[in-house]
Amino acid sequence: MENNDLLKEARQYGFIQDQQVWLQPFMNYPARQVGDVKESEEDSLVYFAKRFEMFREKVNSLLERIASSENKGSFLMKVLHMKEQVGSYDALGDFEAMYQILSKAEEDINETIKQNREKNLAIKEGLIQEAEALQESIEWKEASDKLKELRTTWIKTGPVDKDLTDEIEERFKAPIEAFFERKKNFFEDKKRMQNYAYDKYRDLIRQSIALQNSDDWENTTAKLKQLQNQWKEIDSSLPRKTVSKLWTDFRKAHNHFFERLKVKINSEKNASREQFFETNYDKKKQLVDEANGLLEQYNLNDAVRRAKELQAEWKKVGPVHPSVSDQVWEQFIKACDRIFETSSLEHYIRKRQQSNNETLNEADGLNARINALKEFIKSDKNELEVLEQNLDKLSDSSSNDTFRSMLQGKIRNFKRKINTKQQMIEGLKEKLGALQQ
């Protein structure tokens, strides 16, 4: 703008009085002194008109930056600061127009902020719903990663209305804290269980080593087999590598004893061996017959007690001919399995009813038992899969023969128990079908 134009504008908005330069009153602002006459009055007026042009350029520059920015809310304080300068900036010009322009910019920014906060609220409501959906998850890693992603998104999402900030922050924080508290408790429990399992494994290894050089062949064999069963029953979540190392130490002691037993048996010659086999076979068949009739002759508790007594008696009976040994053993152990599996099932159902404070009618009771057996089978199959994998990994070395036989025996036991449970399910289904007719 030329000096003449600047002078004209300066005289429109200001005046000289007593060698002082004054800005005329506007809006609610009174007239105020903006400077002194230094040289001539005209030069002073032009100088302060130029200062107004500088102020106008600052305003225009700010408006351009606001227009080109995606985060317009960040300019609100700058706009308010410039509005304050309208009443204090030493210059001559149309400050009222600048005030109106800045007020319009402030209004637009506030509207944008309002819209953004409504949008942010919608986004955060969605994040809360996602967090609440994950609160009860037991997929610890996947849920943890997802919740961390939600936290990052939450932080990156802009603010909401101040009146809602505390409430919505608490709603988002609550399910996340609940999940991670559950996760912490879970892994603390898991660690305690792992320590307990490790100590149990070490104790079984210690007992096995103490027995490996025993000459009390029959009792030691029974004790070692009992230790093997106890090993199998340990519910362990230890790392596979740790369990494998413990199992090697456990197996070594058992292999040592059974190799010694094998040498002893092979070195003994008994002239009446066949008669000995036959006598033992008759005794074992009697035990099989009695075991098969226990559930019909006794109540469940007495049947379990008697089955355990029969097992103790079985251990005292000597060996039978190899051609019938597996067969008669399978007959006996299947009869015992059915008793013990029935006892375990009924114990589980009683505990569930006590825990849930429920009373089942006959049909519901049959269905509950069928479903429980299905879950037991699923667990048995998982154990069976681990045993089969261990067997597949075993080398063909003859030094592993005893261990291989033990694994194969465990696998047969699991398959037999699974088959027993399946037969029980079929029997329960038949009862349920008869009941529904």
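Refer to the structure presented above.
Residues numbered from 1 in each chain as written. Predicted model: local features only at pLDDT ≥ 70, side-chain atom pairs only at ≥ 80, totals over all residues. Heavy atoms only, no water.

**Student:** How would you summarise the sheet that holds strand 2 (residues 20–23) if you had to cite specific residues and measurements?
**Tutor:** Pairing in this open sheet of 3 strands is antiparallel, and the strands run 1-2-3 from one edge to the other. The open sheet has two free edges, formed respectively by strand 1 (14–17) and strand 3 (32–36), since each of these has just one partner strand. Taken pair by pair, the neighbouring strands of this sheet meet at an average axis angle of 35 degrees, ignoring direction. Relative to strand 3, strand 2 runs antiparallel, the two sharing 4 bridges. What sits directly across from Q20, in strand 3, is D36. (Pairing = 2+ DSSP bridges. Helix = DSSP H or I, 4+ residues; strand = E, 2+ residues; numbered from the N terminus. Axes fitted to C-alpha atoms, helices over the stretch in contact; angles between N-to-C directions.)

**Student:** Lay out the packing of aromatic side chains with the relevant residues and their values.
**Tutor:** Applying the stated criterion across every chain yields a total of 22 aromatic pairs. Ring centres of W329 and F332 lie 6.2 Å apart, and the angle between their planes is 40 degrees; on these two criteria the pair is classed as tilted. Residue W329 and its partner F332 are both found in helix 12 (residues 322–356); the two are separated by 3 residues, about one turn of the helix. Since its relative accessible area comes to 1%, F332 is described here as buried. Aromatic rings pair up to connect F26, Y29, F52, F55, Y89 and F95 into one cluster. Note that R51 overlies the ring of Y89, its terminal NZ or CZ placed 4.8 Å from the centroid. (Phe/Tyr/Trp six-rings, centres within 6.5 Å; stacked < 30°, edge-to-face > 60°. Buried < 20%, exposed > 50% of the residue type's maximum accessible area, 1.4 Å probe, protein only. Lys NZ or Arg CZ within 6 Å of the ring centre and 35° of its normal.)

**Student:** I'd like a rundown of the nonpolar core, residues and numbers included.
**Tutor:** By size, the foremost hydrophobic cluster in this structure holds 38 residues, and its most contacted members are Y201, W231, F250 and L345. Among the secondary structure elements, those contributing two or more residues to this core are helix 6 (162–211), helix 7 (217–233), helix 8 (240–267), helix 12, helix 13 (362–393) and helix 14 (401–436). The element that contributes the greatest number of residues to this core is helix 14, accounting for 10 residues. Look past the residues within four positions of W231 in its chain and what remains in contact with it is Y201, L204, I205, L246, W247, F250 and K410. (Core = buried A, V, L, I, M, F, W, Y, C linked by side-chain atoms within 4.5 Å. Contact = heavy atoms within 4.5 Å.)

**Student:** Describe unusual backbone geometry, listing the residues and the values that go with them.
**Tutor:** Its identity is not glycine, yet Q19 carries a phi of approximately 60 degrees, on the positive side. Structurally, the position occupied by Q19 is in the loop between strand 1 and strand 2. Accessibility expressed as a relative area gives 45% for Q19, which makes it partly exposed. A positive phi angle, near 50 degrees, is found at M27, a position not held by glycine. Here M27 shows up in the loop between strand 2 and strand 3. Take M27: its relative accessible area is 37%, and that puts it in the partly exposed class.

**Student:** Go over the packing of helix 1 (residues 3–13) against helix 2 (residues 41–68) with me, naming the residues and quoting the values.
**Tutor:** With their axes 8 Å apart at the nearest point, helix 1 and helix 2 run at an angle of 90 degrees to one another. The angle between the axes of helix 1 and helix 2 places the two elements in the roughly perpendicular class. Residues N3, L6, L7, E9, A10 and R11 of helix 1 lie in contact with helix 2, whose contacting residues are E42, L45, V46, A49, K50, F52, E53 and R56. Its residues placed into classes, the contact of helix 1 with helix 2 shows 7 nonpolar, 1 polar and 6 charged. (Parallel < 35°, antiparallel > 145°, perpendicular 65-115°, else oblique. Nonpolar A, V, L, I, M, F, W, Y, C, P; charged D, E, K, R; others polar.)

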